[in-house]
Amino acid sequence: MRIVVVGAGMAGVQTAVALREQGYDGELAVLGAEPHLPYDRPPLSKDVLLGKAENSRFELDYRALGIDLLLDRSATGLDPDGRRLRTDAGELDYDRLVLATGARAVALPGQPAAAHLLRTHDDAVALRAVLRPGARLVVVGAGWIGAEAATAARTLGCEVTVVEAAPVPLAGALPAEVAELTRRWYAEAGVELRTSTAVGGIVDSEQRLEGTGGSAVLLTDGTELDADAVVVGIGARPDTGWLAGSGINLDDRGAVAVDAALRTSADGVFAVGDCASFPSARYGVRLTVHHWDNALQGARLAAANLLHPGPEADLPRYDPVPYFWSEQFGRMVQYAGHHSPGDELLLRGDPEADGGWGALWLRGEVPVALLAVDRPRDLVQGRRLIERGTPLDRSRAADPAVPLKAAARA
């Protein structure tokens with residue numbers, strides 16, 4: 001049997017590794033669109049951007065594992081009936097296929113080449129080259145990646161302005177009343193944060209008047225922000241455009257719609273990581289999770305199901321408690337679970353005081369999500385409580401002096 005994995009990020013590489021660990025000894029190929037050896041993405045906006053590491057490659061011996069790396073090769077189409085993958089370097093036949101193409105960073109309409117994205121190794125290296133003490137950096141977007149880019153730039157001595165169209169930072173990721181609590185982090189770090197501010201365009205140095213130099217970010221209110229560099233961090237979309245005409249079902253956001261066993265609508269084709277959405281029985285919704293932990297967990301289950309010898313009814317189901325983390329302005333921010341607008345919000349601790357704080361979302365008495373800021377013990381205990389669906393005593397759960405596990409009802 002020949003298994004082909006499309007995508008050489010965390011999800012794709014870990015699927016291949018898990019296949020070997022679980023006993024698969026057939027042909028195994030991993031297709032990567034970039035020329036670089038497979039690497040981990042989270043360090044790009046941290047150690048790589050700060051110059052603490054040259055790269056974030058996975059420390060794997062692909063030859064010893066019997067993994068055929070096909071790098072600098074992009075998927076261009078798929079014929080599921082013929083079990084044939086089309087690439088820019090020819091066609092590949094497969095018996096089983098794993099889609100792990102991840103996501104692409106979203107650019108602004110008409111974004112000039114001089115503006116930076118931060119998704120790939122090359123993106124991080126190019127941005128690192130312009131982050132010098134005193135350099136003026138404008139970051140478009142105050143989401144997770146925008147905050148991390150601003151954090152690194154300030155650490156390197158840049159003058160940083162962050163522009164966000166929404167009224168609060170982290171809009172969409174957190175409710176406004178919680179997201180608002182992170183605003184002061186920017187001011188304390190010496191970063192100017194402009195919310196409710198839309199960008200109308202970016203003019204690069206070649207388009208500006210002679211002698212002006214640098215770029216300019218044009219705001220819709222008529223303001224121009226001079227910049228030596230511009231970073232656009234306004235989100236990412238599943239990299240699935242190449243599947244057009246394949247018959248593979250996508251959801252309304254363009255992610256591959258898999259079932260609870262991570263199978264696509266095509267026989268013998270699975271999907272994992274950022275490019276896929278899965279049905280969560282735990283939360284009663286279809287989830288797309290663009291984070292490291294989902295790529296790792298999904299890879300292990302996809303490998304198991306690819307090799308499962310039993311009836312389909314016995315296939316293991318994928319329904320994790322999503323988890324991710326971010327380093328922002330000297331704080332460790334961790335989140336586990338998934339909250340909805342109707343869930344009850346409890347704050348743990350004082351966001352204005354030192355020592356960390358958190359937010360807990362309850363559905364009835366059962367926790368469904370947790371945000372922990374510099375409270376790693378809360379994250380570990382809260383994640384277990386969410387996984388088990390353990391009812392909590394509200395008053396004790398809201399008391400930061402009470403360990404979360406001690407708030408469980410007897």
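Right above here is the structure, for reference.
All values derive from a computational prediction rather than experimental measurement. (Residues numbered from 1 in each chain as written. Predicted model: local features only at pLDDT ≥ 70, side-chain atom pairs only at ≥ 80, totals over all residues. Heavy atoms only, no water.)

Peer 1: Could you give an account of the overall build of the protein, naming the residues involved and the relevant values?
Peer 2: The helix and strand inventory of the protein stands at 10 helices and 25 strands. For 410 residues, the compact-globule estimate of 2.2 N^0.38 gives 22 Å, and the C-alpha radius of gyration of the protein, at 22 Å, lies within 12% of that figure. Reported as C-alpha extents along the three principal axes, the dimensions of the protein are approximately 65 × 60 × 35 Å. Here the protein holds 410 residues, and 52% of them are scored as buried. Considering only contacts in the protein between residues 6 or more positions apart, those separated by 24 or more positions represent 59%. Total accessible area computed for the protein in this model is approximately 18,000 Å², and 48% of it derives from carbon and sulfur atoms. (Helix = DSSP H or I, 4+ residues; strand = E, 2+ residues; numbered from the N terminus. Rg over C-alpha atoms; globule rule 2.2 N^0.38 Å. Buried < 20%, exposed > 50% of the residue type's maximum accessible area, 1.4 Å probe, protein only. Contact = heavy atoms within 4.5 Å. Areas by Shrake-Rupley, 256 points an atom, 1.4 Å probe, with all protein chains shown as cover.)

Peer 1: Help me get a handle on the pairing of strand E13 (residues 215–219), residues and values and all.
Peer 2: Across the five residues that make up E13, a large majority, four, are buried. The pairing of strand E12 (residues 199–203) with E13 spans four bridges and is antiparallel. Bridge pairing in E13 links Gly201 to Leu218. Bridge analysis of E13 against strand E14 (residues 224–227) gives four bridges, and the strand direction is antiparallel. Paired with Ser215 across the strands is Ala227, a residue of E14. What sits between the antiparallel neighbours E13 and E14 is a turn of four residues, in which Gly222 has the positive phi angle 95 degrees. (Pairing = 2+ DSSP bridges.)

Peer 1: Any chance you could break down the pairing of strand E22 (residues 331–337) for me, citing the residues and the numbers?
Peer 2: Burial runs high along E22: six of the seven residues are buried. Here six bridges tie strand E21 (residues 323–328) to E22, and the two strands are oriented antiparallel to one another. By the bridge assignment for E22, Ser326 is matched with Val333. Adjacent in sequence and paired antiparallel, E21 and E22 are bridged by two residues, among which Phe329 carries a positive phi angle near 50 degrees. Where E22 and strand E25 (residues 366–373) come together, five bridges link them in antiparallel fashion. Following the sheet pairing, Gly337 is matched in E25 by Ala369.

Peer 1: Now, about helix H5 (residues 144–155): what can you tell me, with residues and values included?
Peer 2: End to end, H5 covers 17 Å across 12 residues, agreeing with the expected 16 Å (1.5 Å per residue, within 8%). For H5, every residue scored as buried is listed here: Trp144, Gly146, Ala147, Glu148, Ala149, Ala150, Thr151, Ala152 and Ala153. A positive backbone phi angle near 90 degrees is found at Gly157, which sits one or two residues after H5. (Expected span 1.5 Å × (residues − 1).)

Peer 1: Before we move on, could you go through unusual backbone geometry and cite the residues and values that matter?
Peer 2: Even without being a glycine, Asp72 presents a positive backbone phi close to 55 degrees. Residue position: Asp72 is located in the loop between strand E3 (68–70) and strand E4 (75–79). Residue classification places Asp72 among the exposed positions, given a relative accessible area of 52%. Positive phi is not limited to glycine here, since Asp374 has a value of about 55 degrees. Among the secondary structure elements, Asp374 is positioned in the loop between E25 and helix H9 (376–388).

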